[in-house]
Every structure is written in structure tokens, then in C-alpha cells.
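Below, each chain spelled out in residue letters.
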Amino acid sequence: MSGDRSITEAEKLAAAKLGGILIHRDQMAVVANIYRAASAVRQHLENTVLRSADLTWTAFVVLWVVWVWGESETRHVAEEAGISKGTLTGVSRTLEGRGLVKRADHPSDGRLVLLSLTEEGEALMRRLFPEFNQEEAFVASRLSDEECRRVAEGLRQVVRQVEEHGEERRLALLGGADPAPRRSGRRPKG
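Residues numbered from 1 in each chain as written. Predicted model: local features only at pLDDT ≥ 70, side-chain atom pairs only at ≥ 80, totals over all residues. Heavy atoms only, no water.

**Some words on the overall build of the protein**
Inference 1: Within the protein, the regular secondary structure consists of eight helices and three strands.
Inference 2: Reading the protein from its N terminus to its C terminus gives the helix and strand order α-α-α-α-β-α-α-β-β-α-α.
Inference 3: For 190 residues, the compact-globule estimate of 2.2 N^0.38 gives 16 Å, and the C-alpha radius of gyration of the protein, at 20 Å, exceeds that figure by more than 25%.
Inference 4: Dimensions of the protein, computed from the C-alpha atoms along their principal axes, are close to 60 × 45 × 40 Å.
Inference 5: The buried share among the 190 residues of the protein stands at 20%.
Inference 6: In the protein, 28 side chains carry a positive charge and 28 a negative one; their mean positions are 8 Å apart. (Helix = DSSP H or I, 4+ residues; strand = E, 2+ residues; numbered from the N terminus. Rg over C-alpha atoms; globule rule 2.2 N^0.38 Å. Buried < 20%, exposed > 50% of the residue type's maximum accessible area, 1.4 Å probe, protein only. Lys, Arg positive; Asp, Glu negative; His and termini not counted. Charge placed at Lys NZ, Arg CZ, Asp CG, Glu CD.)

In C-alpha cells form, the structure reads like this:
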């Protein structure tokens, strides 16, 4: 973000707003900056490399997952891409319509669907990923190789913490109850 709305300024304003409230400031800064960095990188890549291929971030991630893992069940693709199965359905239909992925019934379980890249999808990823990686290098260029390794390992630890202990923590915080259903933010009709 540019101008007066820098990361540092936002952190100072948050600290002032929270005043004497006992909080974990360093951990707050980690989570806030994970979000800000992810948003900035996503926006940059969508507006550069992915725009030229007419892909959204989510569509690219789906292509990446299927490219790396090969033919996969849709539930695994959704999980690896960090999206819902419903979102994957829409994205995969769009990609299928563009001739980049193909859907097939699972050979032993008719309830399951498999996704794989078409030849055109494979060719796109072979062409696009080196360009994508050049932009990954650009966005991380203020960090040394060693700093990149340390940041990547630190982020892996954040992911492991949530994957290994998040469900247990959720159950404890909610007293074992299921979370409330997500809302779209719209007010109910009435």
C-alpha cells in the first residue's frame, strides 16, 4: 500500500487504538503481515503474469495443483488449493470451457470426479510458470536467499500449527460446538 497507509503506520495506529489492552503484539504483526503480503502478491501477480493468460489467482492455483499432482480427485484439488468444493466446481468448469482441464468420473466410485490438465493446459503451465516464478523472485527481491529460506520455514511453522492443532483449538474455543454457518454479509430478506 502506498502513501500514508504503510504497514508501519497501520501497526502504530493499531497499537495506539489498543492502548492498555493486553495483546500479543509481535504475533499480531505476523498475522497482519501474512495477510497484507498475501494480498499484495496476489494482486501483483493477477495484474501482471496472470492477466496476460486471462487467469485469476484461484484458477492459476487450481492449474498448479493439478499440474504438480497430476490427475486428482476434486476434493483433493480443493483442499490443496485452499478453496471450497463449490468454488472449485465453478473454477474447473471455467477452465474446462477454455480447454485447460478435463473432468472424468472416478473409475471405481461414480460419486467422485477427477481433474487433469489437457495438453493445452500442460503447455500453458510450462509457458506460464517460468514467468510467474520471475515475479515471485521480484516480490521477494528485498530478501537475501537465506532470509527467503527463513521466512519460508517460519510460514511453514505457522501452517503446521494450524493444521496440527487448529481443530483442537476450535473445539476448545467453541466448547465443542460446531461453528455458526458462514454468512455472505447480506442482511436477511424480511
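**Some details on the nonpolar core**
Inference 1: Residues Leu55, Phe60, Val62, Leu63, Leu95 and Leu128 are the most contacted members of the largest nonpolar core, which totals 28 residues.
Inference 2: If near-sequence neighbours (up to four positions away) are discounted, Leu63 is found in contact with Leu55, Leu95, Leu100, Val101, Leu117, Leu124 and Met125. (Core = buried A, V, L, I, M, F, W, Y, C linked by side-chain atoms within 4.5 Å. Contact = heavy atoms within 4.5 Å.)

**Quick word on unusual backbone geometry**
Inference 1: You will see that Asp54, though not glycine, has its phi angle at about 55°, which is positive.
Inference 2: Relative to the helices and strands, Asp54 is located in the loop between α3 (49-52) and α4 (57-69).
Inference 3: Given a relative accessible area of 59%, Asp54 falls into the exposed group.

**Some remarks on the pairing of strand β3 (residues 113-117)**
Inference 1: Within β3, four of the five residues are buried, which leaves the element mostly enclosed by the surrounding structure.
Inference 2: Relative to β3, strand β1 (residues 72-73) is paired through two bridges, and the arrangement is antiparallel. The partner of Ser72 across the bridge, within β3, is Leu115.
Inference 3: Pairing of strand β2 (residues 101-105) with β3 involves five bridges; the strand directions are antiparallel. Residue pairing for β3: Val101 is matched across the bridge by Leu117. (Pairing = 2+ DSSP bridges.)

**Observations regarding the packing of helix α1 (residues 7-18) against helix α2 (residues 25-47)**
Inference 1: Put simply, α1 and α2 touch, their axes get as near as 11 Å, and they point 140° apart. In terms of orientation, α1 lies oblique with respect to α2. Read as a crossing pair, α1 and α2 show a hand that is right-handed. Judged by residue contacts, Ile7, Ala10, Glu11, Ala14, Ala15 and Leu18 of α1 engage Arg25, Met28, Ala29, Asn33 and Arg36 from α2.
Inference 2: Along the lines of polarity and charge, the residues of the contact of α1 with α2 split into seven nonpolar, one polar and three charged. (Axes fitted to C-alpha atoms, helices over the stretch in contact; angles between N-to-C directions. Parallel < 35°, antiparallel > 145°, perpendicular 65-115°, else oblique. Left-handed = near helix turned anticlockwise from the far one by under 90°. Nonpolar A, V, L, I, M, F, W, Y, C, P; charged D, E, K, R; others polar.)

**Thoughts on the side chain of Glu73**
Inference 1: Its location among the elements puts Glu73 in strand β1.
Inference 2: Judged by its relative accessible area of 13%, Glu73 is buried.
Inference 3: A polar atom in the side chain of Glu73 sits 2.4 Å from the side chain of Arg75.
Inference 4: Leave out the neighbours within four places in its chain, and Glu73 touches His106, Leu112, Val113 and Leu114. (Polar contact = N/O pair within 3.5 Å; in protein donor to acceptor, adjacent residues only side chain to side chain.)

**What to know about the sheet that holds β3**
Inference 1: Reading across the sheet, the three strands line up as β1-β3-β2 and stay open at both edges, with antiparallel pairing between neighbours. Of all the strands in the sheet, the pair left with one neighbour each is β1 and β2.
Inference 2: Where α4 meets the sheet, its contacts fall on β1, β2 and β3, and the angle it forms with β3 comes to roughly 90°.

**Looking at a negative patch on the surface**
Inference 1: Among the surface-exposed residues, Glu79, Glu80, Glu163 and Glu164 lie close enough to one another that they form a single negatively charged patch.
Inference 2: Among the elements of the structure, α5 (74-81) and α8 (145-173) are those that each provide at least two residues to the negative patch.
Inference 3: Note on placement: Glu79 falls in helix α5. (Patch = residues over 30% accessible without salt bridge, like charges linked within 9 Å, V, L, I, M, F, W, Y side chains within 5 Å. Areas by Shrake-Rupley, 256 points an atom, 1.4 Å probe, with all protein chains shown as cover. Salt bridge = Lys/Arg side-chain N within 4 Å of Asp/Glu carboxyl O.)

All quantities given are derived from atomic positions and should not be read as evidence of function.
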